[in-house]
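Inside the fold
Residue strings, one per chain:
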Amino acid sequence: SKTNMAAHCRLLSSFRFTNVLMSRHINGVRPRVIILRAENYSRMSQEQEGGGLSDSKEWTTPPLYHEHAPITFFQRTLLTIGSAAIAIGNPYRHDMVAVLGETTGYFALKRIRDRMKADSIGRQILSERPRINTGTINLEELRGLPDGTFGREYVNWLDRNNVTPDSRAPVKFIDDEELAYVIQRYREVHDLF
């Protein structure tokens, strides 16, 4: 219907698009893939006129945490397809890998959270929500530790890979505050093992 078409047009016009050229030619043609940027997604306008999709509850979901960007099912689908295509083409695009994990990882995150809740230390972590970033650890102090210690090896790894604890993208597309913390914690600690 015209109302649904207009709602979809408003939906698409709210995104900032970027053209990404794929590196491989397919049958001599270099395809262009339009993807959504993995940063600064605009939120849907709550003052949409007319019926159609604007009456959906997911259009008016308020942010659940500081970086949260509520998205519709349609937006989640576009993000999943776009981030998967880019991540497959360039697995070093950690931003696309992160978006793909956020848009497809709901059930895995629930399992991780449930396992954490079943353990006393996991419950403590979920309760206290410790973070690993430059505001919580002193990298210079870690560089002063003896070689072979956990802290020194961690900072050596950061230096070798030219990253910091703050290099990980903040979680944006998880629609559950506790699960958002679980994936953020995973991003911060997975290189420690």
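Residues numbered from 1 in each chain as written. Predicted model: local features only at pLDDT ≥ 70, side-chain atom pairs only at ≥ 80, totals over all residues. Heavy atoms only, no water.

Grouped together as the largest cluster of nonpolar side chains are 12 residues: Y65, L109, M116, I125, L126, V171, I174, L179, A180, Y181, V182 and I183. Residue assignment for this core shows that the elements contributing at least two residues are α4 (106-117), α5 (120-128) and α8 (177-189). Counting residues per element, this core draws most heavily on α8, at 5 residues. L139, L142, V155 and L158 belong to the second largest nonpolar core, which has 7 residues in total. (Core = buried A, V, L, I, M, F, W, Y, C linked by side-chain atoms within 4.5 Å. Buried < 20%, exposed > 50% of the residue type's maximum accessible area, 1.4 Å probe, protein only. Helix = DSSP H or I, 4+ residues; strand = E, 2+ residues; numbered from the N terminus.)

Here we take up the confidence of the model for the protein chain. Residue-level pLDDT values for the protein chain average 77, and 68% of them are 70 or greater. Predicted confidence is poor over residues 1-60, with pLDDT under 50, and the contacts of this stretch with residues over four places away or in other chains come to 87 contacts. (pLDDT = per-residue confidence, 0-100. Contact = heavy atoms within 4.5 Å.)

Below, the discussion takes up helix α2 (residues 73-89). The first and last C-alpha atoms of α2 sit 24 Å apart over 17 residues, in line with the 24 Å expected at 1.5 Å per residue. Taken as a whole, α2 has its buried residues at Q75, R76, L79, G82, S83, A84, I86 and A87. (Expected span 1.5 Å × (residues − 1).)

The next point concerns the pattern of salt bridges. Within this structure, the stated rule accounts for 11 salt bridges. Close ionic contact of R76 with D175 constitutes a salt bridge, the shortest N to O distance being 2.9 Å. Taken together, the residues R76 in helix α2 and D175 in the loop between α7 (150-160) and α8 connect sequence positions 99 residues apart. Close ionic contact of E188 with R131 constitutes a salt bridge, the shortest N to O distance being 2.6 Å. Here R131 lies in the loop between α5 and α6 (139-143) and E188 lies in helix α8, a separation of 57 residues in the sequence. The class for E188 is buried, based on a relative accessible area of 7%. Its relative accessible area of 36% is what places R131 among the partly exposed residues. If you follow the salt bridges from partner to partner, you end up with R113, D114, K117 and E178 in one network. (Salt bridge = Lys/Arg side-chain N within 4 Å of Asp/Glu carboxyl O.)

The contact between α2 and helix α3 (residues 94-104) brings their axes to 8 Å, and the two run at 140 degrees. Compared by their axis directions, α2 and α3 come out oblique. The two elements α2 and α3 meet at a crossing, and its hand is left-handed. Across the interface between the two elements, R76, L79, T80, S83, A84, I86 and A87 from α2 touch M96, V97, V99, L100, E102, T103 and T104 from α3. Across the contact of α2 with α3, the residue classes break down as 8 nonpolar, 4 polar and 2 charged. (Axes fitted to C-alpha atoms, helices over the stretch in contact; angles between N-to-C directions. Parallel < 35°, antiparallel > 145°, perpendicular 65-115°, else oblique. Left-handed = near helix turned anticlockwise from the far one by under 90°. Nonpolar A, V, L, I, M, F, W, Y, C, P; charged D, E, K, R; others polar.)

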